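# Fold and contact review
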Amino acid sequence: AQSVTQLGSHVSVSEGALVLLRCNYSSSVPPYLFWYVQYPNQGLQLLLKYTTGATLVKGINGFEAEFKKSETSFHLTKPSAHMSDAAEYFCAVSEGTGGFKTIFGAGTRLFVKA
Amino acid sequence: DTGVSQDPRHKITKRGQNVTFRCDPISEHNRLYWYRQTLGQGPEFLTYFQNEAQLEKSRLLSDRFSAERPKGSFSTLEIQRTEQGDSAMYLCASSPRLAGGPRTGELFFGEGSRLTVL
């Protein structure tokens, strides 16, 4: 069975500071990993994804994440936070083959202080 | 590409009433998913379709819940005899069929239908 754990339900950073949102996963098969972002009153949208190949993946708005199999982690980072990054972020995992049922973490709300 | 649309966006109902939500996926997407999201939680998988076939249902989906996708296009999610615990955001997502190669699993979400059961 797959599962996702996001460490920290709330993260607060200053504008211009590093953003680090933590995600650990569990999967019995090689996983596909995703980060989605949800802005207030909007649907979830994909930030980035890891399927196969390069373990460092880049997404929209300057975000990137690194797949570390040995640590079962897929942490999300951004070198310099912007006020517009304030949102809820969800890490998700799905099986690389078969049904593609995607399992989401509980989410981390990012606050950006001026 | 008009995106995934859901209707209604908000529904307030009394306990015991039936409600139905509709989802129109992106037209070329053959997979359609329903999720439920409560405050402070991530989306919880409910069920998904490939074309008109319902391939998997979560144990969360009690027998009061039924989903259909009769022609492989739009889908409906019906909740019968609603309970206060059904209050949540119901999310629909679709994913594309790729021409050759593996699926990537990316989901395209609608804005959700918020249900409040009084």
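Here's a quick rundown of the structure.

Conventions we followed
- Residues numbered from 1 in each chain as written.
- Chains lettered and ligands numbered in written order.
- Predicted model: local features only at pLDDT ≥ 70, side-chain atom pairs only at ≥ 80, totals over all residues.
- Heavy atoms only, no water.
- Phe/Tyr/Trp six-rings, centres within 6.5 Å; stacked < 30°, edge-to-face > 60°.
- Helix = DSSP H or I, 4+ residues; strand = E, 2+ residues; numbered from the N terminus.
- Buried < 20%, exposed > 50% of the residue type's maximum accessible area, 1.4 Å probe, protein only.
- Lys NZ or Arg CZ within 6 Å of the ring centre and 35° of its normal.
- Salt bridge = Lys/Arg side-chain N within 4 Å of Asp/Glu carboxyl O.
- Pairing = 2+ DSSP bridges.
- Axes fitted to C-alpha atoms, helices over the stretch in contact; angles between N-to-C directions.
- Contact = heavy atoms within 4.5 Å.
- Polar contact = N/O pair within 3.5 Å; in protein donor to acceptor, adjacent residues only side chain to side chain.

## Here we look at the packing of aromatic side chains
- Evaluated as defined, the whole model comprises 14 aromatic pairs over all chains.
- With centroids separated by 5.8 Å and ring planes inclined at 85°, the aromatic side chains of Tyr36 of chain A and Phe109 of chain B adopt a geometry described as edge-to-face. Here Tyr36 of chain A, found in strand E4 (residues 31-38), pairs with Phe109 of chain B, found in strand E10 (residues 108-109), and the two come from separate chains. Both residues of the pair, Tyr36 of chain A and Phe109 of chain B, belong to the buried class.
- Geometrically, the ring pair formed by Phe63 of chain A and Tyr89 of chain A is tilted, given 5.5 Å between the ring centres and 45° between the ring planes. With Phe63 of chain A in the loop between strand E6 (56-58) and strand E7 (64-68) and Tyr89 of chain A in strand E9 (residues 87-95), this pair connects stretches of sequence that are 26 residues apart.
- Its relative accessible area of 0% is what places Tyr89 of chain A among the buried residues.
- Members of the aromatic cluster, connected to one another through ring pairs, are Phe34, Tyr36 and Phe104 of chain A together with Tyr33, Tyr35, Phe45, Tyr48 and Phe109 of chain B.
- The aromatic ring of Phe74 of chain B is capped on one face by Arg22 of chain B, whose charged end is 3.9 Å from the ring centroid.

## Topic: the pattern of salt bridges
- By the definition in use, this model includes ten salt bridges over all chains.
- A salt bridge links Arg109 of chain A to Glu88 of chain A, with the shortest nitrogen-to-oxygen separation between them at 2.9 Å. Taken together, the positions of Arg109 of chain A in strand E11 (residues 108-113) and Glu88 of chain A in strand E9 put the pair 21 residues apart, joining distant regions of the chain.
- What makes Glu88 of chain A buried here is its relative accessible area of 12%.
- Put simply, Glu44 of chain B and Arg36 of chain B hold a salt bridge, and the shortest N to O gap is 3.9 Å.

## Observations concerning the sheet that holds strand E1 (residues 3-7) of chain A
All names here are of chain A.
- Taken in spatial order, the five strands make up an open sheet running E1-E3-E8-E7-E6, and their pairing is antiparallel. Edge positions in the sheet fall to E1 and E6, since each has one partner strand and no second. On average, each strand axis in the sheet is tilted by 20° relative to the strand beside it, whichever way the strands run.
- Looking at chain direction, E7 and strand E8 (residues 73-78) are connected through five bridges and run antiparallel. Looking at the pairing, Glu66 lines up with His75 of E8.

## Considerations on the environment of Gln6 of chain A
All names here are of chain A.
- Residue position: Gln6 is located in strand E1.
- According to the relative accessible area criterion, Gln6 is buried, its value standing at 11%.
- With residues near it in sequence (within four places) discarded, Gln6 still touches Arg22, Trp35, Tyr89, Phe90, Cys91, Gly105, Ala106, Gly107 and Thr108.
- Of note is the side chain of Gln6, whose polar atom sits 3.0 Å from the backbone oxygen of Tyr89.
- Here the side chain of Gln6 touches Gly107 through a polar contact of 3.1 Å, landing on its backbone nitrogen.

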